[in-house]
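Each chain, written out:
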Amino acid sequence: MGERSKIEWTHHTFNPWWGCVKVSEACKNCYAEAWAKRTGQSVWGINAPRRFFGDTHWAEPAKWNRRLEGTGRRERVFCASMADVFEDRPDLVESRTRLWRLISETPNLDWLLLTKRPENILRFLPDNWGLGWPNVWLGTTVELQTRADENLPHLVNTPAVVRFISAEPLLGNLNLEHYLPSLQWVITGGESGPRARPASPTWFRNIHLQCMEAEVAFHFKQWGDWAPGDGDNLARKRLEHAQDGTPMIRLGKKLAGRALDGETHDGLPRIAI
């Protein structure tokens, strides 16, 4: 995880630290927690320590920024895939302050800060935030309508050049019409991993339709482990029915792909086009 991320909607990932606490239904099968455990790091939970990094790690984004100087190009940095920048812990204050300094020193990078704790955003933003730093996009996770109604009022009331949501893993139907006028980007997708829960195709179609009507950029990241099937050749495949009745076949993330109704959706907010 770092330079040249495999995540479809970013170029790089950067983690100021590793570790977090589960706070929502989307966290149930957290890929970051599983990855940390595979690497021998016990950094999940209220009482667990966080993993911090040295100067070599912190110098990487500056290299990416220098490489872009004079090219007219910009690259996106997802921060943080293994943590939450807005987690409220005293031991994170120093690293978060260092992060703000790093972001201000890398103007050729667009920093994507995705949080499950949008209620903390305004408290932890730097004092000179103003109407939003030009290279920071703020986002929150909304996997269910209850989470949308809890999280999005905090996000849409925070000034930012781009506000976005990640409806991944999508776990229910979403009505975003009230919030879309204040958003510039919607990312959605199904869950992957050994305990992945199948999503209903109609949930994704509904979000896509809402985004088209509101002229908000739409990005369909993945089906995840489960994709719609027609029931043929299922002898060696696992089959479940989604909530909308669609037969879903467990193919694995790679085979399931990213096409929604035959199209790939890689929408980006206008500021990035």
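Check the entry above for the structure.
Residues numbered from 1 in each chain as written. Predicted model: local features only at pLDDT ≥ 70, side-chain atom pairs only at ≥ 80, totals over all residues. Heavy atoms only, no water.

Draft legend 1. How the structure looks around the packing of aromatic side chains. All told, the structure shown has 13 aromatic pairs when counted by the stated rule. Centre to centre, the rings of Trp9 and Trp185 are 6.1 Å apart; their planes meet at 85°, and the pair counts as edge-to-face. You can see Trp9 sitting in the segment before strand E1 (12-13) and its partner Trp185 sitting in strand E8 (residues 185-189), a full 176 residues away along the chain. Taken individually, Trp9 and Trp185 each receive the classification buried, so the pair is uniform in this respect. The ring of Trp18 carries Arg51 above its face, with NZ or CZ at 4.6 Å from the centroid. (Phe/Tyr/Trp six-rings, centres within 6.5 Å; stacked < 30°, edge-to-face > 60°. Helix = DSSP H or I, 4+ residues; strand = E, 2+ residues; numbered from the N terminus. Buried < 20%, exposed > 50% of the residue type's maximum accessible area, 1.4 Å probe, protein only. Lys NZ or Arg CZ within 6 Å of the ring centre and 35° of its normal.)

Draft legend 2. Just the pairing of strand E7 (residues 162-167), in detail. Taken across its 6 residues, E7 has 6 buried, putting it largely inside the fold. Burial along E7 is two-sided: Val162, Phe164 and Ser166 and Arg163, Ile165 and Ala167, pointing in opposite directions, are all buried. Examined bridge by bridge, strand E6 (residues 136-141) and E7 share 5 bridges and lie parallel to one another. Bridge pairing links Trp137 to Val162 in E7. (Pairing = 2+ DSSP bridges.)

Draft legend 3. Structural context of the pattern of salt bridges. Tallying each qualifying case throughout the model produces 21 salt bridges. The shortest N-O distance in the salt bridge between Arg258 and Asp266 comes to 2.5 Å. Counted as one network, the salt bridges with shared partners bring together Glu8, Glu168 and Lys221. (Salt bridge = Lys/Arg side-chain N within 4 Å of Asp/Glu carboxyl O.)

Draft legend 4. View of the environment of Pro269. Along the chain, Pro269 falls in the segment after strand E14 (263-264). Between the C-alpha atoms of Pro269 and Asn128, which are 141 residues apart in sequence, the distance is 24 Å. If sequence neighbours within four positions are ignored, Pro269 has contacts with Trp137, Val162, Gln184, Trp185 and Ala217. (Contact = heavy atoms within 4.5 Å.)

Draft legend 5. The arrangement of helix H7 (residues 201-214) in detail. For H7, spanning 14 residues, the distance from its first C-alpha to its last is 20 Å, which sits close to the expected 20 Å at 1.5 Å a residue. What H7 keeps buried is the set Pro201, Trp203, Phe204, Ile207, His208, Gln210 and Cys211. Looking one or two residues past H7, Glu215 carries a phi angle of roughly 60°, positive in sign. (Expected span 1.5 Å × (residues − 1).)

Draft legend 6. A look at the nonpolar core. By size, the foremost hydrophobic cluster in this structure holds 57 residues, and its most contacted members are Phe86, Trp111, Leu138 and Ile207. Residues within four places of Trp111 in sequence aside, it is in contact with Phe14, Pro61, Val77, Cys79, Leu99, Leu102, Ile103, Thr106, Asn135, Val136 and Trp137. Counting 11 residues, the second largest nonpolar core, distinct from the first, contains Leu112, Leu114, Phe164 and Ala217. (Core = buried A, V, L, I, M, F, W, Y, C linked by side-chain atoms within 4.5 Å.)

Draft legend 7. Summary view of the sheet that holds strand E12 (residues 247-250). The strand order across the open sheet formed by 3 strands is E10-E12-E11, and the pairing between neighbours is antiparallel. Strands with a single pairing partner mark the edges of an open sheet, and in this sheet they are strand E10 (226-228) and strand E11 (238-241). Averaged over neighbouring strand pairs, the angle between their axes works out to 35° when direction is ignored. Note that E11 and E12 share 4 bridges and pair antiparallel. Opposite Glu240, over in E12, you have Met248 as the bridge partner. (Axes fitted to C-alpha atoms, helices over the stretch in contact; angles between N-to-C directions.)

Draft legend 8. Expanded view of the sheet that holds E7. Overall, parallel pairing links the 7 strands, which are arranged E1-E4-E5-E6-E7-E8-E9 in an open sheet. Single-partner strands in this sheet number two, and they are E1 and strand E9 (217-222).

Draft legend 9. Looking closely at the environment of Leu268. Following the sequence through the fold, Leu268 ends up in the segment after E14. Leu268 sits 49 residues away from His219 along the chain, and the two C-alpha atoms are 7.1 Å apart.

Draft legend 10. Representation of the environment of His11 within the structure. Inspection of the secondary structure puts His11 in the segment before E1. Judged by its relative accessible area of 23%, His11 falls in the partly exposed class. In terms of polar contacts, His11 uses its side chain to reach the backbone amide nitrogen of Arg76, at 2.8 Å. (Polar contact = N/O pair within 3.5 Å; in protein donor to acceptor, adjacent residues only side chain to side chain.)

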